[in-house]
Amino acid sequence: MAGPLPLRFLRSYADPDLLPHVNAELALMGRSNVGKSSLINALAQHKGLAKTSKTPGATRLLNAFEVGNEDSGRWLMDLPGYGYAKVSKAEQAKWAEMLNAYVEERENLVAVLLLIDGEVGPTPLDLQTVEWLEHLHRPIVYVATKADKVRPSKSQKRRAELTGRLGVERKDVRWVSADKGQGIPELRALVLDILGVK
Ligand SMILES: Nc1nc2c(ncn2[C@@H]2O[C@H](COP(=O)(O)OP(=O)(O)OP(=O)(O)O)[C@@H](O)[C@H]2O)c(=O)[nH]1
Ligand SMILES: [Mg+2]
C-alpha cells in the first residue's frame, strides 16, 4: 500500500517520435471517458493535474508525467482514449495513428494499464485492443474503473462477467474508483513496483 504518488506533469507530445529516452514507462489506455485522467489524479491525490471531462475526447495528446524524484526517468503516460465517435474521421485516424506508433515503437514501455469501464464491461474495441497488445507482447495490467457505480448487489456478478469476457482470472483485474478511492493505494504500490521507483 502506498500514499499519494509523487507525479509531475512534464509536457504533451503530438508525435511519439519526439519522445526522449526514459528508464521505464507505463501507459494508461482505454476508451474515451473510461477514467484514465481521473485515475492519474487519484494516484497523485491531485485534482486538476491531468485534464478530465464529462465529454469524451478530453485528452488529445500524449501527456507525460514523471514519477518519483526529478529526473527519475520513470514515466506515466496519459493517452487519448479510443472509440470516441463524435470527432471527425480525420481526427480519429490521426489519434489512432499516434496511439499505434506509440505502442508499437516506444522503447522501455514496460506495461500498459488497460482501463475497462467497470459498469459497462469490455467493449468489442477493448477486446480488440487486448488482442493487439498481446500480439505486440506488451504486458497488460487490467484495471476496472468506476467501481463506485456498480451496485453492491450486482458486484459479484459483474466481476465474474468482466473477467469471463476478458478471459482472465479475478485476481488479474484490479477494481478502482477514482471518485471514492477504492483500490487506489494498491494500484499506487503496483505502479511504483512496475516502474522500479524506490
Ligand atoms: N463515478 C465515477 N466517475 C468517474 C470515475 N473516474 C472517472 N469518472 C468520470 O468519468 C468521466 C471521464 O473521466 P476522464 O478521466 O476524463 O476520462 P478519460 O479516460 O481520461 O477520457 P479521454 O481523455 O476522453 O480519453 C468524468 O466525468 C469523470 O468524472 C470514477 O471512479 N467514478
Ligand atoms: Mg483523459
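Bear in mind the structure is a predicted one, so any value in this text is a computation, not a measurement. Within each chain, residue numbers correspond to sequence positions counted from 1 in written order. Labels follow written order: the first chain is A, the first ligand is 1, and so on. Confidence filtering applies because this is a predicted model: local features only for residues at pLDDT of at least 70, side-chain atom pairs given and counted only at 80 or more, and all residues used for totals across whole chains, interfaces and linings.

Colleague: Would you take a moment to explain the sheet that holds strand S1 (residues 7-13) for this structure?
Modeller: Pairing between sheet strands relies on hydrogen bonds along the backbone, with the strands arranged either parallel or antiparallel. Pairing in this open sheet of seven strands is mixed, and the strands run S1-S3-S4-S2-S5-S6-S7 from one edge to the other. The open sheet is flanked by S1 and strand S7 (173-175), the only strands paired with a single partner. Strand after strand, the sheet turns through a mean of 25° between neighbouring axes, direction not considered. Paired strands, in this sense, are two strands between which DSSP finds at least two bridges. Think of it this way: any DSSP run of H or I at least four residues long counts as a helix, any run of E at least two long counts as a strand, and we number them from the N terminus. Note that S1 and strand S3 (residues 62-67) share six bridges and pair antiparallel. In this analysis, axes come from line fits to C-alpha atoms, helices being fitted only over the stretch in contact, and the angle between any two N-to-C directions falls in the range 0 to 180 degrees.

Colleague: Can you walk me through unusual backbone geometry in this structure?
Modeller: Working note: non-glycine residues mostly have negative phi, and peptide bonds are mostly trans. Of note, Gln-45 is a non-glycine position whose phi angle comes to about 50°, a positive value. Note on placement: Gln-45 falls in the loop between helix H1 (36-44) and S3.

Colleague: What's the story with the environment of Arg-174 in this structure? I'm lost.
Modeller: Secondary-structure assignment places Arg-174 in strand S7. On the neighbour-count criterion, Arg-174 (17 C-beta atoms within 10 Å) is partly exposed. Spatially, the C-alpha atoms of Arg-174 and Ala-147 are 9.9 Å apart, while their sequence positions differ by 27 residues. Once residues within four sequence positions are removed from consideration, Arg-174 is found in contact with Tyr-142, Val-143, Gly-183, Glu-186 and Leu-187. Buried residues are those with 20 or more other C-beta atoms within 10 Å of their own C-beta, exposed residues have 12 or fewer, and partly exposed residues lie in between; C-beta atoms are placed from the backbone. A pair of residues counts as a contact when their C-beta atoms, built from backbone coordinates, are separated by no more than 7 Å.

Colleague: Sorry, what's going on with the environment of Phe-65 here?
Modeller: As for its position among the elements, Phe-65 is in strand S3. For the pair formed by Phe-65 and Ala-24, sequence separation is 41 residues and the distance between their alpha carbons is 12 Å. Residues contacting Phe-65, with those up to four places away along its chain left out, are Leu-7, Arg-8, Phe-9, Leu-10, Ile-40, Trp-75, Leu-76 and Asp-78.

Purely geometric numbers; function is a separate question.
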